[in-house]
Structures are given as structure tokens and as C-alpha cells.
Amino acid sequence: MVSRRLIYKFLLDFVYPNRCPICGSFIKWDELLCKVCESKLPFHEKTLCERCGKDKCLDHDSLHFDSIYTLMRYEDICVKAIHQLKDDRQLNFAEYSAKLLGNVLRENGIAQQADIITSVPMHRSKRRKRGYDQAQKLAHFTAAELGINENYRLLGRTKDTAEQHTLTASERKTHAEEIYFSLPDHADIKGKNILLFDDVYTTGSTLNVCSGLLKNMGAKNVFCAAIATTLLDEKHKE
Ligand SMILES: [Zn+2]
Ligand SMILES: [Zn+2]
């Protein structure tokens, strides 16, 4: 079927010509990125741990999620692309990443096991200001790609006052424990396999706390996915 989104994009292009979300150059209406930017994206070259998704393992015993998948390193042009995802209403990069993540999740047998897709929630006030929630958009496009049900009312969050990047790893953990909470009234997820999305996977505090909440609600497995992750050997240290 010709999706409504494709028709929408074709028509939208007449009014707002399609642009590369990273460099801003004009691209064809049905493209998501320009070829130059795509070739510069820092896709993973080495094999990462299947359990914690890092090049040097985190403490596996403290992890609530069962596995995690990312596409690239959170550095260089990828930082810019993810930043665009947050600041603009430009959805090309979310759609592009969702297609690739969909493939990764299929290849690893995760798509076949997942019952529900959800995302790390953004606080309502921020979402209102920005117009949408980038982790949810990524999850939404991937759900469409894989044909998996979505539910974004499993988790909630309080207003976040701290600047994440100023916190140490252990402070982030405590902070995440304070701001996220479960909304058990909105779904019975007992025995279900949940696929949880965020845009970036850094220390993993957020994804881990959210996975723990989903497990407390009865989830059988929680698999995580994000566009990018920080690795230990890279320039952009946390
Ligand atoms: Zn470009
Ligand atoms: Zn590991």
C-alpha cells in the first residue's frame, strides 16, 4: 500500500522542500538524509557486548534490561543529527534511524519476540514546548516498521530540574530513580516482552531505571534500543 505518510511527504515537499536534517541541503522528497552526511555517520565497526551494548562491559548484575541495540557512536556528525532531532520538527533522522534499528532488531530476533513498544517518557511541559517527544517518535516509526503495538502510557516522569551532563554516573542513577515512575493502570504487561526506546544510550541510568519499573510491572523481558551510544574509547566522554 502507498502509505499516507509517503503521500504527505510528496505533497509537503512543494511547500517546504525536503532538506537533509544534518547539513540542511535540499534532498529529494522521498530521501531522508543527503548521501554525504549518510557516509559520515559513525556506524559501529566493532562488535559490542550483546548484554550491555558497550565496548567495555558495565556491571551486568545491576542491569534490569536484557539486551540493548544501537546503530552508531554518539560522536561527530551523529551528535549534530540527534541535536537536530531535539530542536526541530524535522523527523527525517528519526525515520531513517527507525528503519535501520528495525533491521537490527529483526536480525537479532528481538522484533519477533517483542509484544509492546514504548519509550523513555519526556516531561509533559517539555513536550508541549517542543511539540513532540523524540524518543517516542523514534519508537513510533520503528513500531510501524515492525508492526508492533505501541503504548506510551506505561511510564511517567516528573519535572527534571537537573542538567544531566553535570551529574556523575552515580548521581544520574539516583536522579533517574527520583524522576521516573510507572503507570500500572494503563496496561497489563505481565509476561510481556517490552521494547524500550531512547535516543541516546550513555551511562544507561535512565534506560535501566525504566527497565526496572517495567519489570516491577510484570514485564518478562525488556529489550532496549537507541540511535547511538557512547563508547569508552571515543572522544566524547561522559
Ligand atoms: Zn547532509
Ligand atoms: Zn556487557
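All figures in this text were calculated on a predicted structure; none of them were measured in a lab.

## Points about the overall build of the protein
Phase 1 of the analysis: Looking only at helices and strands, the protein has 9 helices and 8 strands in total.
Phase 2 of the analysis: Taking 18 Å as the expected radius of gyration for a compact globule of 238 residues, we find that the protein reaches 17 Å, a close match to that expectation.
Phase 3 of the analysis: The dimensions of the protein, computed from C-alpha atoms along their principal axes, are 50 × 40 × 35 Å.
Phase 4 of the analysis: Scored against the burial criterion, the 238 residues of the protein give a buried share of 37%.
Phase 5 of the analysis: Taking as baseline every contact in the protein between residues at least 6 positions apart, the subset at least 24 positions apart corresponds to 74%.

## Quick look at the packing of helix α4 (residues 92–107) against helix α7 (residues 134–146)
Phase 1 of the analysis: Between α4 and α7, the least distance of the axes is 8 Å, while the angle of their chain directions is 50°. As the angle between them shows, α4 and α7 are arranged oblique. The two elements α4 and α7 cross, and the hand of that crossing is right-handed. Contacts between α4 and α7 involve A94, E95, S97, A98, K99, L101, G102 and L105 on the former and, on the latter, Q134, K137, L138, F141, T142, E145 and L146.
Phase 2 of the analysis: Its residues assigned to classes, the contact of α4 with α7 shows 7 nonpolar, 4 polar and 4 charged.

## Side note on the environment of H60
Phase 1 of the analysis: By secondary structure assignment, the location of H60 is in the loop between α2 (35–40) and β1 (67–73).
Phase 2 of the analysis: For H60, a count of 9 C-beta atoms within 10 Å puts it in the exposed group.
Phase 3 of the analysis: Contacts of H60, omitting those with residues within four sequence positions, involve R51 and C52.

## Describing the packing of helix α8 (residues 169–179) against helix α9 (residues 205–216)
Phase 1 of the analysis: Interhelical geometry of α8 versus α9 gives an angle of 40° and a closest axis separation of 9 Å. Comparing the axis directions of α8 and α9 gives the class oblique. Along this stretch, α8 crosses α9, giving a crossing that reads as right-handed. Here R172, K173, A176 and E177 of α8 come into contact with α9, specifically with S205, T206 and V209.
Phase 2 of the analysis: Taken together, the residues that form the contact of α8 with α9 break down as 2 nonpolar, 2 polar and 3 charged.

## A word on unusual backbone geometry
Phase 1 of the analysis: At D76, a position not held by glycine, the phi torsion is positive, near 45°.
Phase 2 of the analysis: In this fold, D76 is placed in helix α3 (residues 76–87).
Phase 3 of the analysis: Given 15 C-beta atoms within a 10 Å radius, D76 is considered partly exposed.

## Brief notes about the domain arrangement of the protein
Phase 1 of the analysis: According to the domain assignment, the protein consists of domain 1 (1–40) and domain 2 (47–229).
Phase 2 of the analysis: Contacts between the two partners involve 6 residues from domain 1 and, on the opposite side, 9 residues from domain 2.
Phase 3 of the analysis: For the side of domain 1 that touches domain 2, the per-class residue count stands at 5 nonpolar, no polar and 1 charged.

## Observations concerning the pairing of strand β2 (residues 116–119)
Phase 1 of the analysis: Two strands pair when backbone bridges link them, and β2 and strand β3 (residues 149–150) are joined in this way by 2 bridges, in the parallel orientation. Among the inter-strand pairings, I117 is bridged to a residue of β3, identified as E150.
Phase 2 of the analysis: Of the strand pairs in this sheet, β2 and strand β6 (residues 193–197) are connected by 4 bridges, and their pairing is parallel. Looking at β6, one finds that I116 is bridged to I194.

## A closer look at the pairing of strand β8 (residues 221–229)
Phase 1 of the analysis: For β8, the tally of buried residues reaches 8 of 9 residues, placing the bulk of the element in the interior.
Phase 2 of the analysis: Summarising the sheet, β1 and β8 pair through 6 bridges and their orientation is parallel. Following the sheet pairing, T70 is matched in β8 by A226.
Phase 3 of the analysis: You can see the chain leave strand β7 (residues 200–201), run along α9 and come back into β8, and the turn it takes is right-handed.

Calculation criteria
- Residues numbered from 1 in each chain as written.
- Chains lettered and ligands numbered in written order.
- Predicted model: local features only at pLDDT ≥ 70, side-chain atom pairs only at ≥ 80, totals over all residues.
- Helix = DSSP H or I, 4+ residues; strand = E, 2+ residues; numbered from the N terminus.
- Rg over C-alpha atoms; globule rule 2.2 N^0.38 Å.
- Buried ≥ 20, exposed ≤ 12 C-beta atoms within 10 Å, placed from the backbone.
- Contact = placed C-beta atoms within 7 Å.
- Axes fitted to C-alpha atoms, helices over the stretch in contact; angles between N-to-C directions.
- Parallel < 35°, antiparallel > 145°, perpendicular 65-115°, else oblique.
- Left-handed = near helix turned anticlockwise from the far one by under 90°.
- Nonpolar A, V, L, I, M, F, W, Y, C, P; charged D, E, K, R; others polar.
- Domains from an automatic or database assignment.
- Pairing = 2+ DSSP bridges.
- Right-handed = clockwise from strand over helix to strand, strands pointing away.

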